Amino acid sequence: MKAIVYRSTGSWYNIKTETGKAMSARIKGVLKIDGITSTNPIAVGDEVVVEIESESANTAMITEILPRRNYINRQSPAHKWHHHIVAANLDQSLLFATLKDPKTSQGFIDRFLVTCEAYHVPAIVVFNKADVYKNKELEKYAALEEMYGAIGYHTVLMSVKTNQGVQEVQAALENKTTLLSGHSGVGKSSFINTIFPELKLKTQDVSGWSGKGMHTTTFAEMFDLPRNIAGRVIDTPGMREFGLVDISKQELSHYFPEMARLINDCQFNNCLHINEPGCAVKDAVANGSIDEERYISYYKILESINEKTY
Ligand SMILES: Nc1nc2c(ncn2[C@@H]2O[C@H](COP(=O)(O)OP(=O)(O)OP(=O)(O)O)[C@@H](O)[C@H]2O)c(=O)[nH]1
Ligand SMILES: [Mg+2]
Ligand SMILES: [Zn+2]
């Protein structure tokens, strides 16, 4: 029987079978998943094959993991060379960012967007906590909206507290499986709670973001949208950093859409867009058609890529 993984807490997985039954499941023996050294062999969103173990105890054995349509992975915080698959089989991701309390850097946003491009997951950037933004942050948002919009990324200014923009983001969830990610304390769980109060997810207490970076959500978990709305949303624990995996220096610019459009115009076909002559990307940065901050993100990521030497 087929099932979908809704939550992974280590050795046990919460699954829902194709007949709609929620069960706890374990992996049977050793499951080989080709080519991936992952700290979590099965991720939320995975489609698996299960054998019922006990009807009365509601338990099952996972015997097979079905091929993933896509996934989002990051460097395991504990083991540099290991992947951690955040979630699989996604239609889109909502990156939650905040310009205040806490502040999300553009570098973090861009790293995440690169991974979305690499794994073909459309991304929307939601700037939450608009209610605490002063003029400075609102101007910053307007600039980011224009800059990301020109590249092709949709952004939304939202406040879970005042409900600003919530309707728009909620509408984007219908009929899709959506990953929510971002730093701790940006309001991911609060957002799910406002649109689906019946889920009652744990969020940080009313004193708000304390700056201590404690994580309120500790496991990724998928929820069916309630009230018969088709679609699913995946809440995840906040992450401090987003370490990229499996992207080579040579291919990195392919995942900056505004650069990818230009790379055929570079004089050298292996151009890394640093200081090679005849570089169309550097020309575009110089004439302002590529945003300088985006180029800085590109450069920093490029420097951080340690090519594995085999
Ligand atoms: N002012 C303001 N506070 C908000 C808003 N949205 C969420 N918060 C507060 O921010 C704090 C963190 O919210 P959570 O929903 O727990 O954040 P999270 O992203 O789920 O955090 P982790 O689970 O740790 O990753 C809570 O105190 C919320 O009340 C908002 O739009 N405006
Ligand atoms: Mg949370
Ligand atoms: Zn170039």
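That block above? That's the structure.
So, here's what we can say about the structure. Quick caveat, the model's predicted, so the values are computed rather than measured. (Residues numbered from 1 in each chain as written. Chains lettered and ligands numbered in written order. Predicted model: local features only at pLDDT ≥ 70, side-chain atom pairs only at ≥ 80, totals over all residues. Heavy atoms only, no water.)

**Concerning helix α1 (residues 106-118)**
The end-to-end C-alpha distance of α1 is 18 Å, a good match for the 18 Å that 13 residues give at a rise of 1.5 Å each. Within two residues after α1, H120 carries a phi angle of roughly 60°, on the positive side. (Helix = DSSP H or I, 4+ residues; strand = E, 2+ residues; numbered from the N terminus. Expected span 1.5 Å × (residues − 1).)

**A word on the pattern of salt bridges**
For the structure shown, the criterion picks out ten salt bridges. For R7, the salt bridge goes to E221, with nearest N and O atoms at 3.2 Å. Of this pair, R7 sits in strand β1 (residues 2-8) while E221 sits in strand β12 (residues 221-224); the two residues are 214 residues apart in sequence, bridging distant segments of the chain. Among the residues examined, R7 registers a relative accessible area of 24% and is labelled partly exposed. Among the residues examined, E221 registers a relative accessible area of 25% and is labelled partly exposed. Of the charged contacts in the structure, one is a salt bridge between D110 and R294, with a shortest N-O distance of 2.8 Å. Residue D110 is found in helix α1, and its partner R294 is found in helix α8 (residues 292-304); the two are separated by 184 residues along the sequence. (Salt bridge = Lys/Arg side-chain N within 4 Å of Asp/Glu carboxyl O. Buried < 20%, exposed > 50% of the residue type's maximum accessible area, 1.4 Å probe, protein only.)

**So, the site of ligand 1**
In the vicinity of ligand 1 lie 25 residues, with D131, S184, S190, T217 and G238 positioned nearest. N128 has a polar side-chain atom sitting 3.2 Å from a nitrogen atom of ligand 1. Contact distances for ligand 1 include 2.8 Å between an oxygen atom and a backbone N or O atom of V160. Looking at the shell around ligand 1, the element that brings in the most residues is helix α4 (residues 188-195), giving three residues. Within the shell around ligand 1, the residues separate by chemical class into five nonpolar, 15 polar and five charged. (Near = heavy atom within 4 Å. Polar contact = N/O pair within 3.5 Å; in protein donor to acceptor, adjacent residues only side chain to side chain. Nonpolar A, V, L, I, M, F, W, Y, C, P; charged D, E, K, R; others polar.)

**Thoughts on unusual backbone geometry**
It is generally the case that most residues other than glycine have a negative phi and that most peptide bonds are trans. A cis amide bond links D101 to the next residue, P102, at an omega of -5°. Secondary-structure assignment places P102 in the loop between β8 (92-98) and α1. Phi at N89 takes a positive value of approximately 60°, unusual for a residue other than glycine. Inspection of the secondary structure puts N89 in the loop between β7 (83-88) and β8. With phi around 55°, R227 is a residue other than glycine that occupies positive phi space. Take R227: it is sitting in the loop between β12 and β13 (232-235).

**Quick look at the environment of T218**
Summarising the element assignment, T218 is placed in the loop between α4 and β12. Overall, the relative accessible area of 54% leaves T218 in the exposed class.

**Some details on the coordination of the zinc ion (ligand 3)**
Taken together, the protein donors to the zinc ion (ligand 3) comprise C266 (SG), C271 (SG), H273 (ND1) and C279 (SG), at separations of 2.1 to 2.4 Å. Viewed at the metal, the four donor atoms of the zinc ion (ligand 3) are separated by angles of 103 to 118°, and the geometry they form is tetrahedral. The sequence pattern formed by the donor residues of the zinc ion (ligand 3) is C-x4-C-x1-H-x5-C. By relative accessible area, C279 is classed as buried at 2%. (Donors = N, O, S within 2.8 Å, 3.2 Å for Na, K, Ca; no water. Tetrahedral: all angles 85-135°; square planar, octahedral: opposite > 155°, others 65-115°.)

**Focus: α8**
Along its 13 residues, α8 runs 18 Å from first to last C-alpha, staying within 8% of the 18 Å computed at 1.5 Å per residue. Burial in α8 covers these residues: R294, Y295, S297, Y298, I301 and L302. The arc that holds the buried residues of α8, viewed along the axis, is 155°, so those residues lie on one side. Pointing more than 90 degrees away from the buried face of α8 are the exposed residues E292, K300 and E303. Close packing links the buried residues of α8 with α1, α2 (135-151), α5 (249-252), α6 (257-260) and α7 (280-286). (Arc of directions from axis to C-beta. Contact = heavy atoms within 4.5 Å.)

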